[in-house]
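So the chains spell out like this:
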Amino acid sequence: MGSKDIADIGRAGILVLLGTILSMFSGFLFRLINARYLTTDQFGLVVLGISLVNIASIPCLFGLNQGVVRYIAAEKNEQYRDTYVTVSILTVVVLGGIAGLLGFIFKDTIKNEFFGGAAPDLLLYIFLCTVPIFALLKLTGGILRGEMNSKGFVQISKIIRPGSKLILAGIAVFIFGTSTSVAIAFFASTLFTISAGLYLIWVEGWRPQINRSAKITQLYRFSLPLLISSSIFILLSYFDKLLIGYYQSPDHVAIYEVAVTIASLLGLFRSAFGFLLYPKLTEQLANGNESIIAPMYQQTTKWILGLTTPAFAALAFRPDLLIFLFGEQYEVAEIKPLLVFLGFGLFLNAVSGPNGEAMLGFGRSKSVLIYNTIAVSINFVLNIMLIPRYGLVGAAIASLLGYTSMNILKSIDLYFFHDISVISIKSILMSAVSFIIASFGFVIIPYDIPILLEIIALGTTGIMSGGIGVLMLWATGDISDEDRELVSKIVGSIQGKI
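Note that the structure is a prediction, hence the values are computed from the model and not measured.

Asks: Would you mind going over the pattern of salt bridges with me for this structure?
Replies: Close approach of charged atoms allows side chains with opposite charge to pair. Counting across every chain of the model gives five salt bridges. Its salt-bridge partner being Arg31, residue Glu257 comes within 2.8 Å of it at the nearest N-O pair. Pair noted here: Glu257 is in helix α10 (residues 250-263) and Arg31 is in helix α1 (residues 2-37), with a separation of 226 residues, a long-range link. The exposure class assigned to Glu257 is buried, which follows from its relative accessible area of 5%. Residue class for Arg31 comes out partly exposed when judged on its relative accessible area of 22%. In this structure, Asp320 engages Lys336 in a salt bridge whose closest nitrogen and oxygen atoms are separated by 3.8 Å. Placement of Asp320 in helix α14 (residues 320-325) and of Lys336 in helix α15 (residues 332-351) is noted, with a sequence separation of 16 residues between them. Taking relative accessible area as the criterion, Lys336 reaches 26% and is therefore assigned partly exposed.

As structure tokens, this is what we get:
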């Protein structure tokens, strides 16, 4: 049973990984097109607007996008599951409407404080109208995750949403070339995606109903700390951009966004393999199988570490090609130092594994809230201290220390309260060997070769270093039955489609 569940996490991780690669590529192109073909101030306004939508959607969700995952995964009564979905949707719709209305009331304050008074009124109106449907879209992803519907989650979150956003934004940039047109495209893609998401949930069997025997109050109580916790985590991700806009200008926001976009590629494998861990862990606890939790988590983090290490080496030693793609107005010398700090923070965030999701599976939402609060407090204070003095580098250092403190606290908690080690010594050895090999390869590749040849050389080096890491696992006897079962299932799935 345990081996099968761990392999299921890996197989779902591969599916979500493929979808996340496509999603990240679409998101990368979205930012690349905007960065190259909009002026830096126009691109900065788009980044600020999207940051505003992400932050404003937090209270609308009430933490239900994470809380509903646990209650759906652990619930076997179909009527109760439909009730949790219905209540969550109604809550988000009502709170989203209130948030949008408040945004319209305080529009001038938002415009002057965070957009430097430079944003057109229409752009702000569009982003404010996006807030409630964006919140509903995030809830839809949580519902699909709770149902462990990895295929549906990939379709909505990793294909339809980023694909429609990229296509519509590309049309907006090339035809109109303004930040307002991109805001309209962002709104239209969000509306289209949430329509598709609700339709998919309906097709999967959900029917609106409210059964008062369901644990609705407990759902709210569990989700409330997650509201604050999610608020804090989103602030950790977006608040630095708003402060850069406040202390400096939209142009600097654009430069910082390029660095963040590149560094965020390191989160690819963590988000993919951590997708099914939370609901699977909840399911196993509900069934009384707590003994499987530790190996389930350690196996997941081993996969994340092995895949993330070559990517981190590439980011640390050879980011020039990625920076060049965004346009000549973004200088390598200016962005590379940001990548060192942001990349290291996100690498630690990736390899520590989905510790927050694991704690939620244990029902520890209040502890997650405490740790996220500490992390964002550190980040907030450091941003205020460092941005005025050190500019963008100060913001990057603040993010590094915020992410690091959050992951240290959560990892220590899992070890002492649930006897879960984040990663093993053998996995660390695998990562160290892979990093050294990859770094050496990236350094010796010449800079004056054709771009296509450079891409091939970088890719080959990354794959080789990952392969050597796997050999190190084999030599130390850390290739598990779950690894073999995962590979067997992946090969079987591929053969079945050929």
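Asks: What is the right way to read the packing of aromatic side chains from this model?
Replies: The description of an aromatic ring pair rests on the distance of the ring centres and on the angle between the ring planes. Evaluation of the coordinates by the stated rule reveals 13 aromatic pairs. Judged by centre distance (6.1 Å) and plane angle (55°), the rings of Phe317 and Phe435 are tilted. Here the residue Phe317 occupies a position in helix α13 (residues 293-317), and Phe435 occupies one in helix α19 (residues 425-444), the gap between them amounting to 118 residues. Overall, Phe435 belongs to the partly exposed group, its relative accessible area being 25%. What links up through ring pairs into an aromatic cluster is the set Phe312, Phe317, Phe344, Phe347 and Phe435. A cation over an aromatic ring shows up here: Lys165 above the ring of Phe30, its NZ or CZ 4.8 Å from the ring centre.

Asks: How should α13 be read in this particular structure?
Replies: Think of an α-helix as 3.6 residues a turn; residues three or four steps apart then line up on the same face. Taking 1.5 Å as the rise per residue, α13 with 25 residues should run 36 Å; its terminal C-alpha atoms sit 36 Å apart, in good agreement. At Thr308, α13 is bent by approximately 30°, the largest bend along its length, and proline Pro310 sits one to four residues beyond.

Asks: Looking at this model, I keep getting lost on the nonpolar core. Mind explaining?
Replies: Nonpolar side chains in soluble globular proteins tend to end up buried together. Formed by 111 residues in total, the largest nonpolar core has its most connected members in Phe115, Leu139, Tyr256 and Tyr330. No other element matches the 13 residues that helix α6 (residues 121-146) contributes to this core. Each residue touching Phe115, except ones within four places of it in the same chain, is listed here: Leu45, Leu48, Gly49, Leu52, Ile110, Leu123 and Leu124. Ala313, Phe442, Ile445 and Leu458 belong to the second-largest nonpolar core, a separate cluster that totals five residues.

Conventions adopted
- Residues numbered from 1 in each chain as written.
- Predicted model: local features only at pLDDT ≥ 70, side-chain atom pairs only at ≥ 80, totals over all residues.
- Heavy atoms only, no water.
- Salt bridge = Lys/Arg side-chain N within 4 Å of Asp/Glu carboxyl O.
- Helix = DSSP H or I, 4+ residues; strand = E, 2+ residues; numbered from the N terminus.
- Buried < 20%, exposed > 50% of the residue type's maximum accessible area, 1.4 Å probe, protein only.
- Phe/Tyr/Trp six-rings, centres within 6.5 Å; stacked < 30°, edge-to-face > 60°.
- Lys NZ or Arg CZ within 6 Å of the ring centre and 35° of its normal.
- Expected span 1.5 Å × (residues − 1).
- Bend = angle between axes of the 7 residues up to and from the residue.
- Core = buried A, V, L, I, M, F, W, Y, C linked by side-chain atoms within 4.5 Å.
- Contact = heavy atoms within 4.5 Å.

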